Amino acid sequence: MQQSKEERVHGVFEKIYKNYDQMNSVISFKQHIRWRKDTMKRMNVQKGQCALDICCGTADWTIALAEAVGPEGKVTGLDFSENMLKIGEKKVKERNLDQITLIHGNAMALPFEDNSFDFVTIGFGLRNVPDYLQVLKEMERVLKPGGLGVCLETSQPEMFGFKQIYYFYFKHIMPLFGKIFAKSYEEYSWLQESARDFPGMKELAGMFQKAGFANVSYKPYSGGVAAVHIGHKK
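The paragraphs below set out a description of the structure included in this document.

Criteria and cut-off values
- Residues numbered from 1 in each chain as written.
- Predicted model: local features only at pLDDT ≥ 70, side-chain atom pairs only at ≥ 80, totals over all residues.
- Heavy atoms only, no water.
- Axes fitted to C-alpha atoms, helices over the stretch in contact; angles between N-to-C directions.
- Helix = DSSP H or I, 4+ residues; strand = E, 2+ residues; numbered from the N terminus.
- Parallel < 35°, antiparallel > 145°, perpendicular 65-115°, else oblique.
- Left-handed = near helix turned anticlockwise from the far one by under 90°.
- Contact = heavy atoms within 4.5 Å.
- Nonpolar A, V, L, I, M, F, W, Y, C, P; charged D, E, K, R; others polar.
- Salt bridge = Lys/Arg side-chain N within 4 Å of Asp/Glu carboxyl O.
- Buried < 20%, exposed > 50% of the residue type's maximum accessible area, 1.4 Å probe, protein only.
- Disulfide = S-S within 2.5 Å.
- 1 Å grid on protein atoms, 1.4 Å probe; cavity = no way out; pocket = protein on both sides within 12 Å on 5 of 7 lines; lining within 4 Å.
- Points joined across faces, edges and corners; volume = space filled by probe spheres on them.
- Polar contact = N/O pair within 3.5 Å; in protein donor to acceptor, adjacent residues only side chain to side chain.

Take the packing of helix H6 (residues 132-142) against helix H9 (residues 201-210) next. Direction vectors running N to C along H6 and H9 enclose 50 degrees, while the axes themselves pass 9 Å from each other. Classified by the interaxial angle, the pair formed by H6 and H9 is oblique. Once H6 is placed against H9, the crossing between them reads as right-handed. The segment H6 lies against H9, with Tyr132, Leu133, Leu136 and Lys137 engaging Leu204, Met207, Phe208 and Lys210. Each residue belonging to the contact of H6 with H9 can be placed in one class, and the counts come to six nonpolar, no polar and two charged.

Taken as a whole and assessed by the stated rule, the structure comprises ten salt bridges. As a salt-bridge pair, Lys219 and Asp38 come within 3.2 Å of each other at their nearest N and O atoms. With Lys219 in strand S6 (residues 213-221) and Asp38 in helix H3 (residues 31-43), this pair connects stretches of sequence that are 181 residues apart. Assessed through its relative accessible area of 27%, Lys219 is described here as partly exposed. Asp38 sits in the buried class, given a relative accessible area of 17%. Asp114 is paired through a salt bridge with Arg141; the nearest N and O atoms lie 2.8 Å apart. With Asp114 in the loop between strand S3 (100-104) and strand S4 (117-123) and Arg141 in helix H6, the pair connects residues that are 27 residues apart, well separated along the chain. Connected through shared salt-bridge partners, Asp21, Asp60 and Lys91 make up one network.

Counted according to the given criterion, the structure contains zero disulfides. With no disulfide partner, Cys55 has as its closest neighbouring cysteine sulfur the one in Cys56, 8.2 Å distant.

The subject of this paragraph is the packing of H3 against helix H4 (residues 60-69). In contact at an axis separation of 12 Å, H3 and H4 are set at 40 degrees when each is read in the N-to-C sense. Regarding the angle of H3 to H4, the classification is oblique. In this structure, H3 crosses over H4, and the sense of that crossing is right-handed. Contacts between H3 and H4 pair Arg36, Thr39, Met40 and Met43 from the former with Asp60, Trp61, Ala64, Leu65 and Ala68 from the latter. Split into classes, the residues belonging to the contact of H3 with H4 amount to six nonpolar, one polar and two charged.

Another aspect to go through is the layout of surface pockets. Once rolled over the atoms, a probe with the size of a water molecule shows which space is left empty. Reported here for the largest pocket is a volume of approximately 460 Å³. Taken together, 25 residues form the lining of the largest pocket, with Ile27, Ser28, Trp35, Tyr169 and Phe170 sitting closest to its centre. Every element with two or more residues in the lining of the largest pocket is listed here: helix H2 (20-28), H3, helix H7 (162-182) and helix H8 (185-196). For the lining of the largest pocket, the element with the highest residue contribution is H7, accounting for six residues.

Let's shift gears to the side chain of Gln156. Mapped onto the elements of the fold, Gln156 is located in the loop between strand S5 (143-154) and H7. For Gln156, a relative accessible area of 10% corresponds to the buried category. Only 3.0 Å separates the side chain of Gln156 from the backbone oxygen of Ala195, close enough to count as a polar contact.

So this is what it looks like as structure tokens:
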């Protein structure tokens, strides 16, 4: 019986959680940290605000948001892999960030009221959900009017030559890194598949608009291997 995308993704993350942070650094040559910093600058998060980080994984972006909102703010991290959340919980405890709550849940049906958050972020998680548009609609729903929906994700480079190298890297080198560093060739093969099938920047911006966001903007990073999309709730 063929697994659904949801079951397959869940299996992948329940298995690779111990090596996930290390592998992120290996795969992106630590660029993902720089991309996130730039994204945070664009978001201009203020003290005392309220944010939700979905598909939060091991909670790195959740922690960055918590540091930005300060002790008087509130940040919720949500993920459907309990093993990933366990690593996140450990990091949160070590940093004494009481403004963070981590919960087990599904990005396709967020367990929050409409108009609840100033920011909703998703970092390298949208490509792993069964329905991109449904998740963007959920992000838009739980945002307060004027709030920002932010997606930092792998993208599709457009420059000829570079594009071919990128696909070769994702298809052949990345699963090999997975095998060497995390003993998980199959799981990292899945990650390259999900990145390869993910929409390009313009297409994703169109999805943001379809989900109800206004003033949608995006910025490519590192030649388009990743991009940030930001949409405003009307």
